[in-house]
Amino acid sequence: MAAPPAPASTVARNAVEHALDQVGKPYRYGGDGPGSFDCSGLVKWAYGKAGRSLPRTTYDQYRQGAPVSRANAARGDLVFFYSGPSHVGIHLGDGRMVHAPSSGKKVQVVRLADHYDDHIAGIRRVG
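This structure is a prediction, so every number in the text was calculated from the model and none was measured. (Residues numbered from 1 in each chain as written. Predicted model: local features only at pLDDT ≥ 70, side-chain atom pairs only at ≥ 80, totals over all residues. Heavy atoms only, no water.)

Trainee: Which residues make up unusual backbone geometry, and what values do they have?
Mentor: In this structure, the amide linkage connecting Gly33 to the following residue, Pro34, adopts the cis form with an omega of -5°. Following the sequence through the fold, Pro34 ends up in the loop between helix H1 (10-20) and helix H2 (39-49). The residue after Gly84, namely Pro85, is reached through a cis peptide bond having omega -15°. Positive phi is not limited to glycine here, since Tyr82 has a value of about 65°. Tracing the backbone shows Tyr82 in the loop between strand S2 (78-81) and strand S3 (87-93). Although it is not a glycine, Asp94 sits at a positive phi angle of roughly 55°. Note on placement: Asp94 falls in the loop between S3 and strand S4 (96-99). Overall, Asp94 belongs to the exposed group, its relative accessible area being 69%. (Helix = DSSP H or I, 4+ residues; strand = E, 2+ residues; numbered from the N terminus. Buried < 20%, exposed > 50% of the residue type's maximum accessible area, 1.4 Å probe, protein only.)

Trainee: Lay out the sheet that holds S2 in plain terms, naming residues and giving numbers.
Mentor: The 6 strands lie next to each other as S1-S6-S2-S3-S4-S5, forming an open sheet whose pairing is antiparallel. With one partner strand each, in any of the chains shown, strand S1 (66-67) and strand S5 (108-111) form the two edges of the open sheet. Note that S2 and strand S6 (residues 120-125) share 4 bridges and pair antiparallel. When the sheet's bridge partners are listed, Phe81 is paired in S6 with Ile120. Along the sheet, H2 contacts S2, S3 and S4; its crossing angle with S3, the most-contacted strand, is approximately 50°. (Pairing = 2+ DSSP bridges. Contact = heavy atoms within 4.5 Å. Axes fitted to C-alpha atoms, helices over the stretch in contact; angles between N-to-C directions.)

In structure tokens:
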């Protein structure tokens with residue numbers, strides 16, 4: 001059995017803080033900050049501010065870093081949802097994530113158990 005991936009880095013922890021600073025900003029399809037965001041735009045922007053370049057799309061972000069089990073998910077890991085995958089958020093720990101949900105909504109912190117837990121496609125540690 002393989003050892004779990006290394007703990008989240010300083011980059012990942014800083015990316016979380018940058019993403020949390022965007023809570024309340026509007027969702028906009030194709031938005032990559034700083035005024036508005038879509039889900040992968042928020043991830044790319046937050047990690048970029050923390051010093052780690054990531055691709056623009058959820059699909060390409062999903063191919064970055066190392067896979068992590070749900071049991072080993074840490075603050076700063078990317079959590080992907082649905083087929084494709086077509087949505088991404090940043091894990092905060094304690095069963096929560098920050099994400100840019102959909103049109104008409106704002107960047108927000110949500111509990112994974114409220115809906116998303118049943119739709120996780122994978123978790124990646126990129127920081």
